[in-house]
Amino acid sequence: MRLSPRHPRYRSLRVRERLAKAHRTGVVVPEGLIAHGRGEAFDYLLGERTSPSARRAERAAAEWLLAARRPVVSVNGNVAALAAPEVARLAAAVPGLAVEVNLFHRTGPRARAIARRLEEAGVRRVLGVHPTARIPGLPSDRARVDRDGIYRSDVCLVPLEDGDRAGALRAVGKRVISIDLNPLSRTSLTADLPIVDELSRALGSIAREARRLRRSGRKARLLPFDADGALASALVTIDRRLMRAAARRPRRARPRARAWRPRSRGTTGRTRRRP
Ligand code: PTJ
């Protein structure tokens, strides 16, 4: 199907098209399409732009990744399909950032296809295709990780994560940065630094902030972050937007009600009996 750039939802339709194609090539699982729909709904409610609070979280995330001894970004099918170039740019902006494939619905061919996609986008070394260690306390395939990547990392960036793994990573002492448009998801509630923003916007912004910080020459630090405040702020943004939309409703043009007239006898062929 040819999409017109004049369509009001052109960008969103293009993204969907990209995901559907990635599903056909085996990079994205059907569950990933559903997850995207949920993300889209929250992005709609958040105004489809990065809020000032999300921007602050992205700045803090850049600082954490630069201050980390062994930072890592975890990549699943949706992330590879939607933002492989942004992952490559982030890896270039944060020296030592490991890029690791980590899948909930894991198969060898999928892991290899995702790694290929990342390499084509410019990532030099992709970990996680042949997992060499396990995160304890996780029953899913998400537990299978690379010893040189997630296993030894101190700061993990986990976009579009599930709550169980975010919890398991924290339980083994890692600092978890999440990217998830749903401020009520278990991942957002569990992460040390939840970023409530769309994936490509968030990754792009973290890379920009990391470059800026490096240029400034200031030493990056693992500063405390108010996770509850960031989530509350996202909920307030949604609440305000809904309240504003509700207040606008009565001013919308409504079709004028037509005055009721009894049907003439001729139209239906039925006559009404008088009592
Ligand atoms: O590729 P796999 O096998 O590892 O599977 C990946 C999925 C995404 C299917 C798996 O991780 C999953 O089931 O995720 P969940 O539990 O549905 O969580 C995904 C979260 O990401 C949801 O809370 C969505 O709101 C959010 N989300 C979806 N798309 C975006 C997003 N957040 C930011 N940007 C998006 N584009």
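The structure this text deals with has already been given above.
Let us look at the structure shown here.

Here is what the cut-offs are and how they apply
- Residues numbered from 1 in each chain as written.
- Predicted model: local features only at pLDDT ≥ 70, side-chain atom pairs only at ≥ 80, totals over all residues.
- Heavy atoms only, no water.
- Helix = DSSP H or I, 4+ residues; strand = E, 2+ residues; numbered from the N terminus.
- Buried < 20%, exposed > 50% of the residue type's maximum accessible area, 1.4 Å probe, protein only.
- Contact = heavy atoms within 4.5 Å.
- Areas by Shrake-Rupley, 256 points an atom, 1.4 Å probe, with all protein chains shown as cover.
- Core = buried A, V, L, I, M, F, W, Y, C linked by side-chain atoms within 4.5 Å.
- Polar contact = N/O pair within 3.5 Å; in protein donor to acceptor, adjacent residues only side chain to side chain.
- Near = heavy atom within 4 Å.
- Axes fitted to C-alpha atoms, helices over the stretch in contact; angles between N-to-C directions.
- Parallel < 35°, antiparallel > 145°, perpendicular 65-115°, else oblique.
- Left-handed = near helix turned anticlockwise from the far one by under 90°.
- Pairing = 2+ DSSP bridges.
- Right-handed = clockwise from strand over helix to strand, strands pointing away.

**Points about the overall build of the protein**
In step 1: The secondary structure content of the protein amounts to 10 helices and eight strands.
In step 2: Going through the 275 residues of the protein one by one, you find that 47% of them count as buried.
In step 3: For the protein, the proportion of contacts with a sequence separation of at least 24, taken over those separated by at least 6, is 66%.
In step 4: Of the roughly 16,400 Å² of accessible surface on the protein, a fraction of 50% belongs to carbon and sulfur atoms.

**Overview of the nonpolar core**
In step 1: Core analysis: the biggest nonpolar cluster contains 49 residues, and Val-87, Leu-118, Leu-157, Ile-177, Ile-195 and Ile-206 have the highest contact counts within it.
In step 2: Ranked by residue count, the leading element in this core is helix H4 (residues 77–93), at 10 residues.
In step 3: Those residues in contact with Leu-118, other than ones at most four positions away along the chain, are Val-75, Ala-84, Val-87, Val-99, Val-101, Val-123 and Val-126.

**As for the side chain of Thr-187**
In step 1: Tracing the backbone shows Thr-187 in helix H7 (residues 186–190).
In step 2: Here Glu-161 takes part through its backbone oxygen, which lies 3.1 Å from a polar atom of the side chain of Thr-187.
In step 3: Setting aside residues no more than four positions away along its own chain, Thr-187 makes contact with Glu-161, Asp-162, Gly-163, Ala-166, Ser-178 and Asp-180.

**A closer look at the site of the ligand**
In step 1: As a structural note, the neighbourhood of the ligand is formed by 22 residues, with Phe-104, His-105, Arg-110, Arg-142 and Leu-199 the closest of them.
In step 2: Between Arg-142 and the ligand, the recorded distance is 2.9 Å, taken from a side-chain N or O atom to an oxygen atom.
In step 3: When the ligand sits alone it has 750 Å² of accessible area, and the protein chains cover 92% of it.
In step 4: Take the shell around the ligand: its biggest share by element is six residues, from helix H2 (residues 30–46).

**Quick word on the environment of Ala-81**
In step 1: Tracing the backbone shows Ala-81 in helix H4.
In step 2: What makes Ala-81 buried here is its relative accessible area of 4%.
In step 3: Setting aside its immediate chain neighbours within four residues, Ala-81 contacts Arg-18, Leu-19, Ala-22, Val-27, Val-28 and Arg-117.

**A short note on the packing of helix H1 (residues 10–24) against H2**
Between two packed helices, the angle of one axis relative to the other and the distance separating the axes together describe the packing.
In step 1: Look at H1 against H2: their axes get within 9 Å of each other, and the N-to-C directions meet at 165°. Classed by the angle they form, the pair H1 and H2 counts as roughly antiparallel. The two elements H1 and H2 meet at a crossing, and its hand is right-handed. Each of Ser-12, Val-15, Arg-16, Leu-19, Ala-20 and His-23 in H1 lies in contact with H2, whose residues at this interface are Pro-30, Leu-33, His-36 and Glu-40.

**A look at the environment of Ala-61**
In step 1: Inspection of the secondary structure puts Ala-61 in helix H3 (residues 52–67).
In step 2: Taking relative accessible area as the criterion, Ala-61 reaches 0% and is therefore assigned buried.
In step 3: Along the chain, Ala-61 and Glu-209 lie 148 residues apart, while their C-alpha atoms are 8.8 Å from each other.
In step 4: Aside from chain neighbours lying at most four places away, what touches Ala-61 is Ile-177, Leu-193, Ile-195 and Ile-206.

**Digging into the pairing of strand E2 (residues 98–101)**
In step 1: Residues Ala-98 and Glu-100 of E2 are buried on one face, and the alternating residues Val-99 and Val-101, pointing to the opposite face, are buried as well.
In step 2: For strand E1 (residues 71–75) and E2, the ladder comprises four bridges, and the chain directions are parallel. Counterpart to Val-75 in the pairing with E2 is Val-101.
In step 3: Where the polypeptide runs from E1 across H4 and back to E2, its parallel neighbour, the crossover connection is right-handed.
In step 4: The pairing of E2 with strand E3 (residues 126–127) spans two bridges and is classified as parallel. What sits directly across from Glu-100, in E3, is Leu-127.
In step 5: Handedness of the E2-helix H5 (residues 108–121)-E3 crossover: right-handed.

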